[in-house]
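Take a look at the letters that make up each chain.
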Amino acid sequence: MQKIVSLCKRRGFVYPSSEIYGGFSAIYDLGPYGVEIANAIKNIWWREMVQLRNDIVGLDAAIFMHPKVWEASGHVTDFADPLAECKSCHTRWRVDHLLESAGIFADEKMSEKEINKIFEKGKKKIKCPNCGKNNFTSVRKFNLLVKSNLGNFTEDWTKEPVYLRGETCQGIYVDYKNILDSTRVQIPFGIAQIGKAFRNEITARQFIFRTREFEQMEMQYFVHPGNELKEYDKLRKLRWNFYLNLGINKNNLKWHKHENLVFYAKEAYDIEYNFPFGFSELEGIHARGDYDLSQHAKCSGKDLFYTDPRTGEKYVPHIIESSVGVGRIMFALLCDAYAEEKVKGETRIVLKLPKQVAPIKIAIFPLLANKPELIKKAREIFDNLKTNYMCEYDGSGNIGKRYRRQDEIGTPYCVTVDFDTLKDKAVTVRDRDSMKQERIKVADLKEYFENKF
Ligand code: ATP
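Residue positions within a chain follow its written sequence, with the count starting from 1. Totals for whole chains, interfaces and linings use all residues, but because this is a predicted model, local features are given only for residues with pLDDT of at least 70 and pairs of side-chain atoms are given and counted only at 80 or more. For the side-chain quantities, the full set of heavy atoms in the structure was used; hydrogens and water were omitted.

Participant: Help me understand the overall build of the protein chain in this model?
Facilitator: Counting from the N terminus, the helices are the DSSP runs of H or I reaching at least four residues and the strands are the DSSP runs of E reaching at least two. The secondary structure content of the protein chain amounts to 14 helices and 23 strands. With respect to the principal axes defined by its C-alpha atoms, the protein chain has extents near 75 × 65 × 50 Å. Accessible area is worked out with a 1.4 Å probe on protein chains only. A residue is then buried under 20% of its type maximum, exposed over 50%, and partly exposed in between. The 453 residues of the protein chain split such that 50% are buried. By definition, residues are in contact when any of their heavy atoms lie within 4.5 Å. When contacts within the protein chain are restricted to residue pairs at least 6 apart in sequence, those whose partners lie at least 24 apart make up 64%. Exposure was quantified through the Shrake-Rupley algorithm and a 1.4 Å probe, taking into account, for residues, occlusion by the shown protein chains and nothing else. When the accessible surface of the protein chain is totalled, it reaches about 22,400 Å², and 50% of it is carbon and sulfur. In this charge count, Lys and Arg are treated as positive and Asp and Glu as negative; neither His nor the chain ends contribute. Lys charges are placed at NZ, Arg charges at CZ, Asp charges at CG and Glu charges at CD. When the 71 basic and 62 acidic side-chain charges of the protein chain are each reduced to a single mean position, those positions are 4 Å apart.

Participant: Help me understand the pattern of salt bridges in this model?
Facilitator: If the charged atoms of two oppositely charged side chains come close together, the side chains can form a pair. A pairing counts as a salt bridge when a side-chain nitrogen of Lys or Arg comes within 4 Å of a carboxyl oxygen of Asp or Glu. Counting across every chain of the model gives 34 salt bridges. For Glu-213, the salt bridge identified is with Lys-196, shortest N-O distance 2.6 Å. Of this pair, Glu-213 sits in strand S10 (residues 213–223) while Lys-196 sits in strand S9 (residues 189–198), placing them 17 residues apart in sequence. Here Arg-348 ties to Glu-341 by a salt bridge, and the two come within 2.9 Å at their closest N and O atoms. Each of Glu-341, Arg-348, Lys-352, Arg-404, Asp-407 and Arg-430 takes part in a single network of salt bridges with overlapping partners.

Participant: When you look at the nonpolar core in this model, what are you seeing that I'm missing?
Facilitator: If you look at soluble globular proteins, the nonpolar side chains tend to sit buried side by side. Only buried Ala, Val, Leu, Ile, Met, Phe, Trp, Tyr and Cys residues count toward a nonpolar core, and they belong to the same one when joined by side-chain atoms within 4.5 Å. Ranked by size, the top nonpolar core spans 57 residues in total, and within it Trp-45, Tyr-243, Leu-246, Ile-329 and Leu-333 carry the most contacts. Residue contacts for Tyr-243: discarding those within four places in its chain leaves Ile-248, Leu-253, Ile-271, Leu-282, Glu-283, Val-324 and Ile-329. In terms of nonpolar packing, the next biggest core, distinct from the first, is built from 20 residues, Ile-362, Leu-374, Cys-391 and Ile-440 among them.

Participant: Please explain the site of the ligand as it appears in this structure.
Facilitator: Neighbouring the ligand are 18 residues; Glu-201, Arg-210, Thr-211, Glu-281 and Leu-282 lie closest to it. Within the backbone of Phe-209, one N or O atom sits 3.4 Å away from a nitrogen atom of the ligand. In the analysis that follows, any N or O atom pair within 3.5 Å is treated as a polar contact, provided that within protein one partner can donate a hydrogen and the other can accept it, and provided that, for residues neighboring in sequence, both atoms belong to side chains. Contact between the ligand and Arg-210: an oxygen atom at 2.7 Å from a side-chain N or O atom of the residue. Protein chains bury 88% of the 600 Å² of accessible surface belonging to the ligand in isolation. Elements represented by at least two residues in the shell around the ligand include exactly S10, strand S13 (278–287) and strand S16 (318–325). Considering every element that reaches the shell around the ligand, the biggest residue donor is S13, with five residues. For each residue, the test is whether any non-hydrogen atom lies within 4 Å of the molecule or strand; if one does, the residue is near.

Participant: Could you clarify how one ought to interpret helix H8 (residues 228–246) in this entry?
Facilitator: To estimate how far a helix should reach, multiply one less than its number of residues by 1.5 Å. The end-to-end C-alpha separation of H8 is 27 Å, in line with the 27 Å expected for 19 residues at 1.5 Å each. Following H8 by one or two positions, Gly-247 has its phi on the positive side, about 105°.

Participant: I would appreciate a short explanation of the pairing of strand S19 (residues 362–366) in the present structure.
Facilitator: Burial runs high along S19: five of the five residues are buried. Side chains of S19 alternate between two faces, with Ile-362, Ile-364 and Pro-366 and Ala-363 and Phe-365 buried alike. Looking at chain direction, S19 and strand S20 (residues 391–393) are connected through three bridges and run parallel. Residue pairing across strands places Ile-364 opposite Tyr-393, the latter belonging to S20. At this point the chain moves from S19, through helix H11 (residues 372–385), to the parallel S20, and the crossover so formed is right-handed. Any two strands are treated as partners once DSSP identifies two or more bridges connecting them. Assignment of crossover handedness uses the view with strands pointing away from the viewer, where a clockwise path from the first strand over the helix to the second indicates a right-handed crossover.

Here you go:
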């Protein structure tokens, strides 16, 4: 974990937010290479979930929504995690996680009373993971919604706050009717969305795994009640294969079935990834019944029924969903890719990222930094390749260091212009993983990379 966090900072993937002011807990910025990976993840997801589908449309709902949305969804009353504080070191912990680590089952959705009872019984076995003491406060349920004073100019705005959305899918539910009325979709159909969500997470000490501001990619699929579980199985397969196609090692993935379902859910599974702290949730895939639309119909007073154009049958669609954070996929990809290898007695750090998500696809170097004729040719090649690939030109430092730097940011290919290039019109192309080098004619480079990518 520490090695990955340090590489991310050192090489411009992820920075702690507001670092010059001492940082800002559980908020991170994506650096030049991080933003490239995140964009690649989002593009691949969007292509698969929207572009290649005749039955799924996209949406970009606003972050701010009517406060009633969060009452209807149950977030105002129930979107709360159980919190206890260590009285010795004042670190706050999620009690369901503390209990879990002591082998005691507890669900974050339990009432304050229920979880206090379990915690009281199990407390003796639990030590504060920070200071090792056994001296906790009682459990308090802490609501995760982040409040704002948007549009409220009174002093006491906290009484009627506007929330920053805690999940993106509420935007999908409340726009469901607009989409039905303005497009040609018919059940079964899906609505996909990528956007920021905000949660006042209690424990946020796992780098970009759990942050207070994060980006979700969610797809809600609307089905006939009788087809919910059949469609759910299809969605589970689709999402599992997404990770295999992305290039994640199958051995680092596993299914986790939820045993204690919330009352409206039909089925719930997570895809877990083997993060440095063990297998943890990467994505949730849930069959949610008609809960979401029924709640919004009840609270808004609007008719959210669907009428089948062929049979005339009227019903509230059931929803199956796929929900994942961009940061969690990025973290999983970085963990999967990180490698240290011994090369001629030295340690080479290399990110063996799948080519499709590598932030820089091709790096182009002049062999020597002070030879104008090499620089000119290398620049020409850079200008030629940059129209098709994210490329980087690097003309400083010794060539070995330049290769090492590209290895650390996961660049699959490096192209070097040397003195022979001026005679034989060919360049050296080096492969990141095998480190093999081959001579390729400059005129053939585009075709060469078309085959490689
Ligand atoms: P957890 O139990 O880990 O708090 P959750 O079950 O509340 O997560 P969901 O509400 O199902 O999570 O969110 C769906 C997805 O959004 C998660 O699978 C995860 O990929 C992502 N996600 C949720 N919370 C965070 C967060 N704080 N930081 C980053 N990603 C998150």
